[in-house]
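Structure at a glance
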Amino acid sequence: MEKKQYQLGDVVQMKKPHPCGTNEMEIIRMGMDIRIKCVGCKHSVLVPRSKFESKLKKVLRSAAPAEDSVATDEGEV
């Protein structure tokens, strides 16, 4: 089975829905534990990485890669 790729800021779909009814979560912290925030009610949960990876169904929306590169135009007037 292929390992799913996810990163900070991604909106992911979980196998089971949150009690508010939505199963979309946004990744807001990554480390040994992963903090995810419910898109529906904004409640956040800290989940161990191994449990998160087993409960992850798919990545719905990936974080924009353009956030890392910030261009400045200081020379232009």
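In this text, all values refer to a predicted model and were calculated from it rather than measured experimentally. (Residues numbered from 1 in each chain as written. Predicted model: local features only at pLDDT ≥ 70, side-chain atom pairs only at ≥ 80, totals over all residues. Heavy atoms only, no water.)

Focus on the sheet that holds strand β3 (residues 33-38)
Rule in force here: Pairs of strands are assigned from DSSP output, requiring at least two bridges between the strands. Secondary structure follows DSSP: runs of H or I at least 4 residues long count as helices, runs of E at least 2 residues long count as strands, and numbering of each begins at the N terminus. Fitted lines through C-alpha atoms serve as axes, helices being fitted only where they are in contact, and the angles separating the N-to-C directions of these axes extend from 0 to 180 degrees.
With antiparallel pairing, five strands are arranged side by side in an open sheet as β4-β3-β2-β1-β5. Sheet topology places β4 (44-48) and β5 (56-61) at the edges, where each strand pairs with a single neighbour. If you compare each strand with its neighbour and ignore which way they point, the axes differ by 40° on average. With four bridges connecting them, strand β1 (residues 11-14) and β5 associate as antiparallel partners. Bridge pairing in β5 links V11 to R61.

Quick notes on the side chain of T22
Stated precisely, the cut-off is as follows: Under the rule applied, a polar contact is a pair of N or O atoms within 3.5 Å (in protein, one hydrogen donor and one hydrogen acceptor; residues adjacent in sequence only if both atoms are side-chain atoms). By definition, residues are in contact when any of their heavy atoms lie within 4.5 Å.
Here T22 lies in the loop between β1 and β2 (24-29). A distance of 3.3 Å separates a polar atom in the side chain of T22 from the backbone nitrogen of E24. Those residues in contact with T22, other than ones at most four positions away along the chain, are P17, C38 and G40.

Focus: a positive patch on the surface
Quick note on the threshold: Patch members must show over 30% relative accessible area and no salt bridge, and they are joined within 9 Å when carrying like charges or within 5 Å when they are nonpolar side chains of Val, Leu, Ile, Met, Phe, Trp or Tyr. Using the Shrake-Rupley algorithm and a 1.4 Å probe, accessible areas are obtained, with residue cover drawn only from the displayed protein chains. Should a side-chain nitrogen of Lys or Arg be within 4 Å of a carboxyl oxygen of Asp or Glu, the pair is scored as a salt bridge. By the counting rule applied here, Lys and Arg register as positive and Asp and Glu as negative, while His and the ends of each chain are not counted. Charged groups are reduced to one reference atom each: NZ for lysine, CZ for arginine, CG for aspartic acid, CD for glutamic acid. Buried, partly exposed and exposed residues are distinguished by accessible area as a fraction of the type maximum, computed with a 1.4 Å probe on protein chains only: under 20%, between the cut-offs, and over 50%, respectively.
Judged by side-chain charge, K15, K16, K51, K55, K57 and K58 come together as a positively charged surface patch. Among the elements of the structure, α1 (49-55) and β5 are those that each provide at least two residues to the positive patch. For K57, a relative accessible area of 46% corresponds to the partly exposed category.

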